[in-house]
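As a plain string of letters, each chain reads:
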Amino acid sequence: MKVLTVCPYCGTGCGLNVLVENNRIVGVEADSSHPVSGGELCIKGYFGYKHLEDSRRLTTPLIKKNGKFVPTSWDEALGFIAQRLTDIKQQSGPDAFALFASARATNEENYVAQKFARAVIGTNNIDHCARL
Amino acid sequence: MTLGGGAMTNTIPEISQYSDVVFIIGSNTGECHPLIAKHVIQAQSRGAKLIVADPRMTDMANKADIWLRLPVGHNITLLNGLMHVIIKEKLYKAEFIQEHADGFDDLTRAVEDYTPAYVEDLTGISQQDLIAAARLYAGAGAAVILYCMGVTQFTYGTGTVASVSNLAVITGNLGRPGTGVCPLRGQNNVQGACDMGGLPNVFPGYLSVTDEKHRARFEKAWNTQLPPKPGLRIPEVADAVHQGKVKALYVFGENPVMSDPDNNHFIHALQELELLVVQDIFLTETARLAHVVLPAAGWAEKEGSFSNTERRVQRVRKAIEPPGNAKTDWWIFCALAQKMGAKGFEYQNTQEIWDELRQVVPEKWGGMTYARLDQVRGLNWPCPNEEHAGTPILYVGGKFTTPTGKANLKAVLFHPTGVAEDKIKEFKNPIVGKIAELPDREYAFTLTTGRRGYHYHTGTMTRKSLPLNQVGPEQMVEVNPQDAAVLEIEDGDYVKLTTRRGNIAVKVWVTDRVPEKTVFTTFHFWEANVNELTVKDTDPLSVIPEYKVAAVKIEKISLAEAKALYLEKAQKYRVELEQEVVAEMQKGWRV
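Residues numbered from 1 in each chain as written. Chains lettered and ligands numbered in written order. Predicted model: local features only at pLDDT ≥ 70, side-chain atom pairs only at ≥ 80, totals over all residues.

Novice: Would you mind going over the overall build of chain A with me for this structure?
Specialist: Along chain A, the regular secondary structure elements total three helices and seven strands. For 132 residues, the compact-globule estimate of 2.2 N^0.38 gives 14 Å, and chain A exceeds it by more than 25% at 19 Å. Along the first, second and third principal axes, the C-alpha atoms of chain A reach 55 × 30 × 25 Å. Taking all 132 residues of chain A together, the buried fraction comes to 59%. (Helix = DSSP H or I, 4+ residues; strand = E, 2+ residues; numbered from the N terminus. Rg over C-alpha atoms; globule rule 2.2 N^0.38 Å. Buried ≥ 20, exposed ≤ 12 C-beta atoms within 10 Å, placed from the backbone.)

Right, here's the structure in full:
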């Protein structure tokens, strides 16, 4: 299976096809119709996908208990964060919260993240590493 | 500020098709944007000329017709010098300036002192090269300027950006194919993160949070009250934590422990937080300090869109399932919002999120349906309706998006040790620059920073992609051969780099790529992260830190000493924790 998508590295936004077999990426081909990259990619585009199947990927939420990370369920992790955020907002106000958004995540994810900070917490303390 | 927007004015394919002159300043395009460099090289083979301003002998400097090897930090000196020549020789476009710009008199006076002789004196760039570059750029039918962090990462970066746009405006190099001012965005979706309102002062579409009318638009769409006060910018957050103002921090898809300047200061701030949540694909250096870590889906494991440096919105598609219980970032935020009892986060897929954006900010994205994006290789915003073809070129016909509709030419003044008060007073609101930390007797070298072609930022992804780590296995510091001879250092030796903030051990690469008294290294490796050394002084307007200049001391050390320093860093970044947590995760939930 071939899936047409966009390279995840720099801001050039080169087009590429991800080659998939049995839910594994087995290679990357340049998208020959792309107006910017036109059938070529750099070394990061061709080989930079390998990290996705690295054995060190995070596979479950973790909560630090007595200084040690303990695997947990989504329900418990999100419940814990929701409670702590509600308490901190009540005690110190919405501006006691800050969110670093991501220049690596999608438009849709950034839209939802800033909506969360502004509409749910009630703060404009949201920034990302455009400056860094 | 000067033109009305902060994005690339033109598109990349125009470079190879239409540009007669390409001027690259503060961008290592060959290594950091290789497929943009390809368009520059194609333009050259069509007969276009290339001017490169860079202290380092980058790949593009090597290919340049004129390479202006300025010392680190002197961009404004050079740009003012170029404009001095252009104005003196009357190479500017008087009619374009008359109709489409304000402030030409102020600019003319500001660059008056920057004669070729003065510029040569300050930078070592020959008068002949400066004049030739000015004539070449101003004489082009269509000239484009490409710039990157080598322009912005100074305490006077905003001034340099204003200078770049001054130069384009006075030569009429805007609003036509192959012209323009093009900031090359470093990350795949840094344009999109800005566009989507991932900034403390604006909603999606760059609509100011302080403007009642814009706030009302989002309050209606989101059915809630919204705060009118602009928020904190990243470099301000650490101080706010130390002052007890910020108590909870949520970080996703970023690794600020590695990427923030003077990172010891930042790490201490994180340790004081009551709640640190980190959402990422790996247990990054930042995640190791968190109270809660959430596993995110990677780039090929989700649907959505990225916006590239040309404002081109392109579809990202899911190819494989995320591992274990990892979830997409949008799912996590929606689930958390719902846990907190919020409404308006019931999206079933990314298309529903995108369609909400299209409805709220139709002037920029209204016409970009997923169906349309699926048929083409992206569309450039603004694209207000479904009949609109998108906008590859901004400011066509000299129509700028400033309140007056005209470009603002700004007076920009610079001297490494500061500009005299009397001089500053001669101008209305000038931008003034000086270098935050100059070399002295103890810290005798200039340290400058950047990236390498094989690696990406803090190495979270590239160092775990084997072929890339094989070609770029370790940190190196570039040292000029003259300096290496004086310091009695050879290629492959180890040195300790020390600034007023910290120290790291690095392997030496003796090379002409850097000028004398200047060394270069990167922030890809925790073993020797240059951001333990960088200064945290920032530009007062953009709050971008001065990553590109610090004063540094170099001392040769033994392999044993280098190893001892590596072990110290392994402890600092809690490197062993990653393997421990991987083992825990494999055992499954125990809560």
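Novice: Looking at this model, I keep getting lost on the overall build of chain B. Mind explaining?
Specialist: Helix and strand counts for chain B stand at 25 helices and 23 strands. For chain B, the C-alpha radius of gyration of 24 Å lies close to 25 Å, the compact-globule estimate for 591 residues. Overall size of chain B, expressed as C-alpha extent along the three principal axes, is 75 × 65 × 50 Å. The proportion of buried residues among the 591 residues of chain B is 57%. Contacts in chain B between residues at least 24 apart in sequence constitute 69% of all its contacts with a sequence separation of at least 6. (Contact = placed C-beta atoms within 7 Å.)

Novice: Can you help me understand the domain arrangement of chain B in this one?
Specialist: How big an interface is tends to be expressed through the accessible area that disappears when the partners come together. Residue and element names in this part refer to chain B. One can read the domain layout of chain B as domain 1 (13-184), domain 2 (190-380) and domain 3 (445-581). Taken together, the 19 residues of domain 1 in the interface contact 23 residues of domain 3. Elements with a minimum of two residues in the side of domain 1 that touches domain 3: α2 (29-32), α10 (149-152) and α11 (157-170). Its residues placed into classes, the side of domain 1 that touches domain 3 shows eight nonpolar, eight polar and three charged. (Domains from an automatic or database assignment. Nonpolar A, V, L, I, M, F, W, Y, C, P; charged D, E, K, R; others polar.)

Novice: Could you clarify how one ought to interpret the sheet that holds strand β12 (residues 304-307) of chain B in this entry?
Specialist: By way of backbone hydrogen bonds, the strands of a sheet pair with one another, either parallel or antiparallel. Residues and elements named next belong to chain B. Pairing is antiparallel in the open sheet, where three strands are placed in the order β12-β13-β14. Unpaired on one side and paired on the other, β12 and β14 (379-380) mark the two borders of the sheet. Direction of pairing for β12 relative to strand β13 (residues 312-316): antiparallel, over a ladder of four bridges. Within the sheet, the bridge partner assigned to Ser305 lies in β13 and is Arg315. (Pairing = 2+ DSSP bridges.)

Novice: Would you mind showing me how to read the nonpolar core here?
Specialist: Side chains of nonpolar character tend, in soluble globular proteins, to be buried together. Ranked by internal contacts, the top residues of the largest apolar core, which has 224 residues, are B:Val22, B:Ile51, B:Leu82, B:Tyr137, B:Ile145, B:Val164 and B:Val293. Looking at which element gives the most residues to this core, the answer is helix α3 (residues 107-121) of chain A, with eight residues. (Core = buried A, V, L, I, M, F, W, Y, C linked by C-beta atoms within 7 Å.)

Novice: What should I look at first to understand unusual backbone geometry in this one?
Specialist: Keep in mind that most residues, glycine aside, have a negative phi and that most peptide bonds are trans. All names here are of chain B. A cis amide bond links Trp381 with the next residue in sequence, Pro382, at an omega value of -5 degrees. In this fold, Pro382 is placed in the loop between β14 and β15 (407-408). Located in the positive-phi region is Lys517, a residue other than glycine, with phi close to 65 degrees. Mapping Lys517 onto the fold places it in the loop between β21 (503-510) and β22 (518-522).

Novice: Please clarify how the sheet that holds strand β1 (residues 2-6) of chain A should be interpreted in this entry.
Specialist: Residues and elements named next belong to chain A. Judged by pairing direction, the sheet is antiparallel, and its three strands sit side by side in the order β1-β2-β3 without closing on themselves. Each having just a single partner strand, β1 and β3 (24-30) make up the two edges of the open sheet. Across the sheet, the mean angle separating the axes of adjacent strands is 30 degrees when strand polarity is ignored. (Axes fitted to C-alpha atoms, helices over the stretch in contact; angles between N-to-C directions.)

Novice: Looking at this structure, how should I read the environment of B:Glu219?
Specialist: Within the secondary structure, B:Glu219 sits in helix α13 (residues 212-222). For B:Glu219, the residues in contact, after removing those within four places along its chain, are B:Thr224, B:Gln225 and B:Leu226.

Novice: How do you make sense of the interface of chain A and chain B when you look at a structure like this?
Specialist: Counting from both sides, the interface comprises 99 residues of chain A and, opposite them, 124 residues of chain B. By residue class, the composition of the side of chain A that touches chain B is 52 nonpolar, 29 polar and 18 charged. As paired elements, strand β4 (residues 62-65) of chain A and strand β11 (residues 292-295) of chain B share two bridges and run antiparallel to each other. Within β11(B), the position partnered with A:Ile63 by the bridge is B:Val292.

Novice: In this structure, what is going on with the packing of helix α5 (residues 75-88) of chain B against helix α8 (residues 116-123) of chain B? I would like to understand it.
Specialist: Two numbers describe a pair of packed helices, the interaxial angle and the distance between the axes. All names here are of chain B. Where α5 contacts α8, the axes come no closer than 9 Å and their chain directions differ by 165 degrees. In terms of orientation, α5 lies roughly antiparallel with respect to α8. Considering the relative orientation of α5 and α8, their crossing is left-handed. Between α5 and α8, the contacting residues are Thr77, Leu78, Gly81 and Val85 on the first element and Pro116, Val119, Leu122 and Thr123 on the second. Here the contact of α5 with α8 is composed, by residue class, of five nonpolar, three polar and no charged. (Parallel < 35°, antiparallel > 145°, perpendicular 65-115°, else oblique. Left-handed = near helix turned anticlockwise from the far one by under 90°.)

Novice: How should I be thinking about the environment of B:Gly81 in this particular structure?
Specialist: All names here are of chain B. Structurally, Gly81 is set in helix α5. Taking the number of C-beta atoms within 10 Å as the measure of exposure, Gly81 has 30 and is therefore buried. Note: C-alpha distance between Gly81 and Phe414 (333 residues apart in sequence) is 11 Å. Ignoring any residue separated from it by four or fewer positions in sequence, one finds Gly81 in contact with Tyr114, Pro116, Val119 and Leu130.

Novice: Honestly, the pairing of strand β6 (residues 180-183) of chain B in this entry has me stumped. Any pointers?
Specialist: Side-chain positions along a regular strand alternate between the two faces of the sheet. All names here are of chain B. By the alternation rule, side chains of β6 split into Gly180 and Cys182 and Val181 and Pro183, which are all buried. Pairing analysis gives four bridges linking strand β5 (residues 143-147) to β6, with the strands arranged parallel. By the bridge assignment for β6, Tyr147 is matched with Pro183.

Novice: Teacher, can you tell me more about helix α16 (residues 263-272) of chain B here?
Specialist: Each turn of an α-helix holds 3.6 residues, which means side chains three or four residues apart point in the same direction. Residue and element names in this part refer to chain B. Those residues of α16 not exposed but buried are Asn263, Phe266, Ala269 and Leu270. End-on view of α16: buried residues confined to an arc of 115 degrees, all on one side of the axis. Along α16, exposed side chains directed more than 90 degrees from the buried face belong to His268 and Gln271. (Arc of directions from axis to C-beta.)

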